[in-house]
Amino acid sequence: MFRIALKGVLARKARLFLTSIAVVLGTAFLSGTYIFSDTLTTTFDQLFADIYKNTDGYVRSSKVIDAGFGQEERQLIPISTIDLVRKIPGVSGAAGNIQAFARIIGKDGKPLGKDGIGPPTFGSSISNYKGELWKISKGVLPTKPDELAMDDVNAKKAKFQVGDSVKVVAAGGSRMFKLVGIARHGDVRSPGGATFALFDINTASEFLVKSGFIDSVLLQSDGTLSDEELAVKITAALPTDLDIETLTGAQITQETQDGVGQRLSFFATLLSVFSFIALGVGCFVIYNVFSITAAQRQRENALFRAIGASKRQITQAMLIEAIAVGIIGSVTGLFAGVLLAQGLSGVLRVTGIDLPPGSLVFAQHTVVTVLIVGMVVTVISAIMPALRAGKVPPLAAMRSTALDTAGSIRRRVMIAAAFAASGFVVLLAVIRGADNVLLGIAILLVFIAVLIAGPAVARPVSLFIGRPAARLRGITGAMARQNAARNPKRTSRTAAPVLIGVALVMAVTVLASTIRAEITDIFSKQFTGDFTINADDRFFGGFNPSLADDINALPGVQRASGFGVSIANVSLSGKSKSKFVTVIDPQTIDGIFDIGLIAISPKALTKEGIFISQKAADKNSLILGSTIAVELSDGSEHDLIVQGIYVRDQLVGGYTVSRQLFEGTVVSRFDAAIFVLKKDGVKDSDIRTSLTGVINKYGTGKLLSKSEYIKKQASQVNQLLGLIYGLLFLSVIIAIVGIIITLLLSVHERQREIGLMRAVGMTKSQVRTTVRWESVITSLLGAVMGILLGLGLGWVVIFSLRDQGIKRFTVPTTGTFVILILSFIIGVIAAAYPAHRATKVDLLAALAMT
Amino acid sequence: MNSPLVNTTVAAATSHAVKQYGSGDGAIYALNDISVDFISGQFTAIMGPSGSGKSTLMHCIAGLDQLTSGSTLIDGVDLSTLNDKELTLMRRERIGFIFQAFNLVPTLSAEENIRLPLLLGNKSGDPEWIKKVIDTVGLGNRLAHRPSELSGGQQQRVAVARALATQPRIIFADEPTGNVDSTTGTEILTFMRRAVDELGQTIVMVTHDPVSAAFADRIIFLADGKIVDEMLEPTATKVLDRMKSLGS
Ligand SMILES: Nc1ncnc2c1ncn2[C@@H]1O[C@H](COP(=O)(O)OP(=O)(O)OP(=O)(O)O)[C@@H](O)[C@H]1O
Ligand SMILES: [Mg+2]
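Residues numbered from 1 in each chain as written. Chains lettered and ligands numbered in written order. Predicted model: local features only at pLDDT ≥ 70, side-chain atom pairs only at ≥ 80, totals over all residues. Heavy atoms only, no water.

Caption draft 1: Layout of the overall build of chain B. When you go through chain B residue by residue, the secondary structure sums to nine helices and 10 strands. Rg of the C-alpha trace for chain B: 18 Å, near the compact-globule value of 18 Å for 248 residues, within the 12% margin. Dimensions of chain B along its principal axes, counting C-alpha atoms only, are 55 × 45 × 40 Å. In chain B, which comprises 248 residues, the share counted as buried stands at 50%. (Helix = DSSP H or I, 4+ residues; strand = E, 2+ residues; numbered from the N terminus. Rg over C-alpha atoms; globule rule 2.2 N^0.38 Å. Buried < 20%, exposed > 50% of the residue type's maximum accessible area, 1.4 Å probe, protein only.)

In C-alpha cells:
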C-alpha cells in the first residue's frame, strides 16, 4: 500500500503542488520571522560587542529609576570622576562618555533623520582616548566649545564638509558649531543609520546633558589586574557618596545586549503571533484541499476497497500523501523564509534603519521548528479527510461528480448552537463581573461555533449573496450562485480563511476607530488652547524649557505652557514605585490645558507640591494635604504635599508636578510639547509667522493648530493599525491562495460540465464570468460572516478595556465598506487563473469522459 | 418550415473532409476524404463499425473539432473562417447537440437546461415554440426538478428538448439512446422523429442499432473513415442485411 500511495502522490504532481503551496505559505512566514529576528539579534549583539571591544571597565551611577517598558533613567555622574578614575593604579586610560538626544539641522533647514519611526539621532562625546570607537577620518577632533564632528554617512547624505557651520538642537537649546571632523564608527561608518553629532566631553556635558555631568566613564586596564579585580578596585577607590558602580567590559556588553534583546524579543513575539495566525489560516486551506481531493478520489478509493484494501490502508495512503506534502511544503517554506527575511530587512532599510552588512542567520532551531510545525500542521489537517476517505463503501463508487456531503445539517447546527450558547454564557459572566481572561474563552467558543455552523449556513447565505449576481449576469451569474451553493462544506471551508482574516481586521478596525474617537474626545475636552508645538515623536529628547519662555514673550501670545514627562520614584503606601510624572508650568497652564482639578486653580501648585489624580488618591488613600516622598532621577529626594486632585487623568496620568521642582536638580528636563493660547483678536496667520520664527531659531518642533493637533494625536493609532494590517496581510494572501486552489480543483472536477456548456454555446468569457462570480460569492461569504464576527470581537475587546476609560463603541462604517469592496476584489483576483484554466478545458476530451 | 423549398436546401455539408491523427507511418485517417450533404428536414443516421470515424465526422461538422483538410459548411457558412467566439455563437444559435450521456448541467433545473442556449445568449426565444417543445417533452410538473432527480430517459428527453429550443438549423446526436433501455430508447427516437415530422427539424444521429437507424429517412455507412454505402427509407431488416453484407 505504501508504494501504491507514493505512486499516487507522484502521479498527481499538480495536486501535490497545490496542496504544498498552502503549507509553504504558512511555514515561510514562520521561517522568515525566525531568521529575521535571529539576524537582528546577532547583528545588534555584534554591534555592542564592537562598541565595548576596547573597554575593560565601565563606571556609572548606581542610582537608576526603571519606568518599565525597557525605559530607565540613570543618574548622571560628575565630570570630575574621569580624572579620579584615571589616577587609579591599573587603569591605563579613561574617557567620559555621553550619549543623549541631539538633532543636526541640514543645510536646507530641515533636521536630519526621520520623524517618528526610524533610527535615533544622537549627540555624543569623542576624545583621543585610545579606546575611542569613533575614528576621525577627515579633519581633526573637536576640542573647543564651538566645534563638532559628525558621522561619515550623514555628513555625506547632508552634504556637509569640514569647515561648514552646522546647527544642532539638544537639551542646551539650538546652537551653531563649526564642523571640524568627520568620524567613522569602528568598521562601520554609522551604526544602524543613526545620526551622530560629536563633541569634546566638556561641550557634550554642557550642551547635551547638564554642565559638569556625564553619563559614564569608559576605561582601559594596563593589564596588571583582571577586569573583575580592577572593577572592584575602582569602586572601592572612588568616594562612596558618588554612588557609583563599576562594570567590566564583558558585563556592560552583556547588559546592553540583553536590553536590546528584550526589546527585539517583543518585536519577534509580535511577528511570530501573526505567523501562527497565518499558519492557522493555512490549516484551513490544507484541510480543504485534502477534503476536496479525497472526495474527488472517492471512486478510486472505492475501487481499492472493492479489490480488498482495508479502511486503514486507505487512510494510511492518504496520510502518506499528507506527509509527503508536509515535507515538500515545509522544506520549501523554510527556504522561502529566507526571501521573506530579506524582504523584512528591506522594509527596515526603507524606514532608515540600516542594518550593518552581514548574512542572514539561519539557525538550527529555525530548521527544526519550521519542519516540525509544518509537518504536524499538515498531518493534523489531513487526519479528518483521511479518516473519511477510509469510510468510503466499496460499491458507492459510481457517482459522476465529487460531492462531499454536508452531513446532518440539524446536528451541525445543534453542536454550533451549543458552542455559541456556552460562549455567550461565559460572556455574560464577564459582563456580570467575572475576570476579563474569560473573554478569550468566550471568543474562542463563538469562533468554533461559527466554523462548525459554516457548512449549514454557507448554502443559504451564498444563495442570498449571489442574488445580485444572478440578476446582473443572467445565466452565468445564476450558475455561479448555484456552484457556490452546491457544495456548502467546500464553500464554507474555502471562505473560512477569509472569515478569520476579515474578523481580525474588523476587530482591529473597530478598536482603532473607537480609540481614535476616544482620543479626539479627550483632547478636544482638555486642550483649550489654539496652537501646539510638538517635539518629534520620540520618547526621548524634546525642547529646552526656555522655548516656552521665549514664546511667552511673543506679542501675539496670551500664554504658552510647556509640558514634560519625567521618571521618578514615588513612595505610595510605604512602597517606592517608579512612575512617569507629568511636569507642568502652574503659572501658565490655566485656560490652555484642563486636567479637571477639583475646586482649585492650577496656580496652587508650588515647588513643594504635587497634584494627583482621583484614582491615585483613592487607591492609596491620599487626601489634600497628604505628603508623598518623591525621588527624582538625579537621586534628590523631595517630600511633596498633595495640593490638588484632578479627574482627567487620561493624558497626564496619576502624578503631576511643577517645573520648579526641578530647579537646582541635575535632572535634564525637556518639554515634550508647548501649548499656546493666542491673544484675542490676533490673526492666526500672524501668530503662525511669529511662532515659526522662534521654532526655527531652535531648529525643531512642529507647529499645529488645535484641530491639526487633535487629528494628529488620533492618527497615531493609524501607525499601529498599519502595522497590524501589514501583518494580517499574509493571512489574506493565504486566504486568496486557498480560494485559487479550491477553484482550480472545482474547475478540474467540473470539466465535463464546462465542456458541455461550451458545446451548447457558452463563450469563453461567459465561462470566465461564471468562475469569477463563484469566487466573489465565496469571498463575500467569508467577508460578511467575518465582519459580523469581527464586530462582536471588537466589542468584546473594547468591553474588556472598560477600566481603561474606553466606554464607547464606534462601528467603522467606511472600514466595513472598504472590507466588502476588498473582498470583492480578492474574489476577482483569486478567480483570474482558475477562470483562465476553465476556458482551456478541451471540449472533446471533456465530452469523451464517462 | 415544412415548405418543399426548405426541404431541398442543404443544412450542413462537408467536402473532401480529412481528419488525420499523428503523422508519417503511424498516421491514422479518422476521416478520409468524406463529402456529404445533410438536407433540411431530414433525419439522417450514421452507422459503421467502432473506430470508423462516426463521432469524428459529427464533431467536425458541428464545429467541436477541426478538419485537417477539406471544408465544412453549416447554413452556408464555412466553419474554418470563424474564430472561437463566432464558432461558439454558431453552436449556440444554429446547432443542437444530444450526447450519449451527461447532457445536462447538474445545478440547473430541467426547464433551465432546456432554455440554456437561449439563456446564454440572453434571449427569450420564441415563446410559442418553447411551449410546444416543452409540451412535446411531456415532463409535466417535473420541469422544476434537477437532473439528478430525473430518470435516464427523462434526462435524454430534456436533452432533446434543449437541442430543439433554439430552432437550430441542424441537430447532432451521438448515440443518444446508448445509455438507456430499449423501451426508453424507442420513446426518445419517436420523440426525435416527431421533431422532424411535426416541427420540421433536421437531425443527424450516430447509432449502432439497426432498429434505431430505421427511424431515420436516410442512413450513411462509414468504414475506415470513408462513406461506403447509403440507404434511403430503411427498415430494421434491410439495415441488418446491409450490415451483414458490409461485413461488420
Ligand atoms: N484524439 C485522438 N487521437 C488519435 N486518434 C484518435 C483520436 N480520436 C479518435 N481517434 C481515432 O480516430 C478513429 C475514429 O474515431 P471515432 O471516435 O470517430 O470512432 P467512432 O466511429 O465514433 O467509434 P465508436 O463507434 O467506438 O464510437 C479511431 O480509429 C480512433 O482511434
Ligand atoms: Mg463514437
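Caption draft 2: Seen up close, the pattern of salt bridges. All names here are of chain A. A complete count under the given rule lists 33 salt bridges over all chains for this structure. Among the ionic pairs, R486 bridges to E753, the shortest N-O distance being 3.1 Å. Here E753 lies in helix α19 (residues 751-759) and R486 lies in helix α13 (residues 467-486), a separation of 267 residues in the sequence. Of the two residues examined, R486 and E753, each falls in the buried class. With a closest N to O distance of 3.0 Å, D684 and K678 form a salt bridge. (Salt bridge = Lys/Arg side-chain N within 4 Å of Asp/Glu carboxyl O.)

Caption draft 3: Structural detail: a nonpolar patch on the surface. Residues and elements named next belong to chain A. A surface patch of nonpolar side chains, amounting to about 680 Å² of accessible area, comprises F817, V818, I821, L822, F824, I825, V828 and I829. You can see L822 is positioned in helix α21 (residues 813-839). Judged by relative accessible area, L822 falls into the partly exposed class, the value being 45%. (Patch = residues over 30% accessible without salt bridge, like charges linked within 9 Å, V, L, I, M, F, W, Y side chains within 5 Å. Areas by Shrake-Rupley, 256 points an atom, 1.4 Å probe, with all protein chains shown as cover.)

Caption draft 4: Structural detail: the interface of chain B and chain A. Every contact between the two is made by 24 residues of chain B and, on the other side, 21 residues of chain A. In total, about 2,100 Å² of surface goes out of reach between chain B and chain A, with carbon and sulfur atoms giving 70% of it. When residues of chain B are sorted by the area they lose upon contact with chain A, F102, T107 and L120 of chain B head the list and together hold 30% of the total. Our count for the chain B to chain A interface comes out at one salt bridge. With a closest N to O distance of 3.1 Å, R758 of chain A and D84 of chain B form a salt bridge. In this assembly, chain B and chain A are joined by eight residue pairs in polar contact (both at pLDDT 80 or more). Among the secondary structure elements, those contributing two or more residues to the side of chain B that touches chain A are α3 (84-94) and α4 (110-120) of chain B. (Contact = heavy atoms within 4.5 Å. Buried area = accessible area lost by both parts, 1.4 Å probe. Polar contact = N/O pair within 3.5 Å; in protein donor to acceptor, adjacent residues only side chain to side chain.)

Caption draft 5: Main features of the sheet that holds strand β5 (residues 91-97) of chain A. Residues and elements named next belong to chain A. As summarised here, the arrangement of the four strands in space is β5-β14-β1-β15, forming an open sheet in which the pairing is antiparallel. In this open sheet, the two edge strands, each paired with only one partner strand, are β5 and β15 (244-248). Taking each pair of neighbouring strands and ignoring which way they run, the sheet shows an average axis angle of 25°. Here β5 runs beside strand β14 (residues 216-221); their pairing, made up of six bridges, is antiparallel. From the neighbouring strand, G93 faces β14, where its bridge partner is Q220. (Pairing = 2+ DSSP bridges. Axes fitted to C-alpha atoms, helices over the stretch in contact; angles between N-to-C directions.)

Caption draft 6: Spotlight on the sheet that holds strand β6 (residues 95-98) of chain B. Residues and elements named next belong to chain B. Pairing in this open sheet of six strands is mixed, and the strands run β6-β7-β8-β3-β9-β10 from one edge to the other. In the strand order of this sheet, the two ends are held by β6 and β10 (226-232), each with one partner. Strand after strand, the sheet turns through a mean of 20° between neighbouring axes, direction not considered. Two elements, strand β3 (residues 43-47) and strand β8 (residues 203-206), share four bridges in a ladder whose sense is parallel. The residue bridging F43 from the neighbouring strand is I203, located in β8.

Caption draft 7: Quick peek at the pairing of strand β9 (residues 147-151) of chain A. Residues and elements named next belong to chain A. Among the five residues in β9, five count as buried, and that is most of the element. Two strands pair when backbone bridges link them, and β9 and strand β11 (residues 173-185) are joined in this way by five bridges, in the parallel orientation. Looking at the pairing, L148 lines up with L179 of β11. Sheet topology note: the β9/strand β12 (residues 195-199) ladder contains two bridges and is antiparallel. Across the sheet, residue A149 finds its bridge partner in β12, namely L198.

Caption draft 8: Here's a closer look at the side chain of Q75 of chain A. All names here are of chain A. Looking at the element boundaries, Q75 is found in the loop between β3 (72-74) and β4 (77-78). On the accessibility criterion, Q75 (14% relative accessible area) is buried. Sequence-distant contacts of Q75, defined by excluding residues within four places in its chain, comprise S61, K63, S633, D634 and G635.

Caption draft 9: Region of interest: the packing of aromatic side chains. All names here are of chain A. Evaluated as defined, the whole model comprises 18 aromatic pairs over all chains. Aromatic pair F177 and F199: ring centres 4.9 Å apart, planes at 55°, arrangement tilted. Of this pair, F177 sits in strand β11 while F199 is found in strand β12, placing the two residues 22 residues apart along the sequence. Per residue, the accessibility class of F177 equals that of F199, and both read buried. Summarising the aromatic geometry, the rings of F527 and F675 are spaced 5.1 Å apart at their centres and angled 50° between planes, so their arrangement reads as tilted. (Phe/Tyr/Trp six-rings, centres within 6.5 Å; stacked < 30°, edge-to-face > 60°.)

Caption draft 10: Looking closely at the pairing of strand β7 (residues 121-125) of chain A. All names here are of chain A. With five of five residues buried, β7 is to be regarded as a mostly interior element. Of the two faces of β7, the one carrying T121, G123 and S125 and the one carrying F122 and S124 are both buried. Examined bridge by bridge, strand β6 (residues 99-105) and β7 share three bridges and lie antiparallel to one another. Within the sheet, the bridge partner assigned to F101 lies in β7 and is F122. Here five bridges tie β7 to β12, and the two strands are oriented parallel to one another. The partner of S125 across the bridge, within β12, is F199.

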